[in-house]
Amino acid sequence: MKTLKLNGIPSLFLVTAISFLLPSCMFFHDTVTFHALGKMPAVKTPVPKVEIDTNISVGTLLGGTVKSRKPYDIRVYYMDHTFTFATIEITALTVTYADGSNDTRAASLKLPMRFQSTVYESYNSMDGGVVVVNKSSILDAYLSDTIQRDEPFTLSIKGRFIKGNGTIIPFTIREKYDMTRDKRTETWADFVSGV
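These notes cover the structure that comes with them. Since this is a predicted model, take the numbers as computed values, not measurements.

1. Details of a nonpolar patch on the surface
Alright, step 1. A cluster of nonpolar side chains, contributed by I56, V58 and L61, occupies part of the molecular surface with about 290 Å² of accessible area.
Alright, step 2. Counting through the fold element by element, V58 comes out in strand β3 (residues 57-60).

2. Remarks on the packing of aromatic side chains
Alright, step 1. Tallied over the full model, the rule gives eight aromatic pairs.
Alright, step 2. Ring centres of Y97 and F153 lie 6.5 Å apart, and the angle between their planes is 75°; on these two criteria the pair is classed as edge-to-face. Placement of Y97 in strand β6 (residues 85-97) and of F153 in strand β10 (residues 153-163) is noted, with a sequence separation of 56 residues between them. This pair shows no difference in class: Y97 is buried, exactly as F153 is.
Alright, step 3. Aromatic ring contacts, followed pair by pair, group F34, Y72, Y97, F153 and Y177 into a single cluster.
Alright, step 4. The ring centre of Y77 lies 4.1 Å from the NZ or CZ of R75, which sits over that ring.
Alright, step 5. One residue, R149, lies across the ring of Y97, its end atom 4.0 Å from the ring centre.

3. Quick look at the side chain of S136
Alright, step 1. Within the fold, S136 resides in strand β9 (residues 131-147).
Alright, step 2. Not counting residues within four places of it along the chain, the set of residues in contact with S136 comprises M79, D80, H81, F83, T118, V119 and Y120.

4. Considering the environment of R160
Alright, step 1. The topology assignment puts R160 in strand β10.
Alright, step 2. For R160, a relative accessible area of 26% translates into the label partly exposed.
Alright, step 3. In this structure, the C-alpha to C-alpha distance between R160 and P46, residues 114 residues apart in sequence, is 9.7 Å.
Alright, step 4. The contact partners of R160, leaving out residues within four places of it in the chain, are T87, I88, E89, R114, I168, I169, P170 and F171.

The rules behind each value
Residues numbered from 1 in each chain as written. Predicted model: local features only at pLDDT ≥ 70, side-chain atom pairs only at ≥ 80, totals over all residues. Heavy atoms only, no water. Patch = residues over 30% accessible without salt bridge, like charges linked within 9 Å, V, L, I, M, F, W, Y side chains within 5 Å. Areas by Shrake-Rupley, 256 points an atom, 1.4 Å probe, with all protein chains shown as cover. Salt bridge = Lys/Arg side-chain N within 4 Å of Asp/Glu carboxyl O. Helix = DSSP H or I, 4+ residues; strand = E, 2+ residues; numbered from the N terminus. Phe/Tyr/Trp six-rings, centres within 6.5 Å; stacked < 30°, edge-to-face > 60°. Buried < 20%, exposed > 50% of the residue type's maximum accessible area, 1.4 Å probe, protein only. Lys NZ or Arg CZ within 6 Å of the ring centre and 35° of its normal. Contact = heavy atoms within 4.5 Å.

The structure is reproduced here in structure tokens:
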């Protein structure tokens, strides 16, 4: 008895099935984003940058819910290209909403909190296949579960950089944040292309 070989048929079937399935996959967004209003005033001493992480999760890569998850996190970081600082310390932090109330999660942080610097490497590909490695130090303070509400707020942070020789350089951050909500539906193709 002869056996019929169907080379490529299973992969053709899979490609065809995926081409019909993916356009029907939908993503349902319910996310928030916080935007700093204005610019920090120019200062002579270093000041770290701040990011608000809204913990966005995606149901599956074939569709589902794209959602922000409360409570949100605050990241305070500083790239030190001179390897000057050994530690960043957060000594005070408040999140104040428009109604004048302070976020209880931010208020419950056990301060001061110290974070050691770590080496950060970035890679650049050059002509001829040469890869250049750049090293710097990063001071990264990740403060989990510090923002509970989907509302504009004012963030106040006091802290200090500590050099390897013990020298202290204080910093103060005061920024207002606005909030936008993204509630929309998009196709798999739009989600993947980032449109």
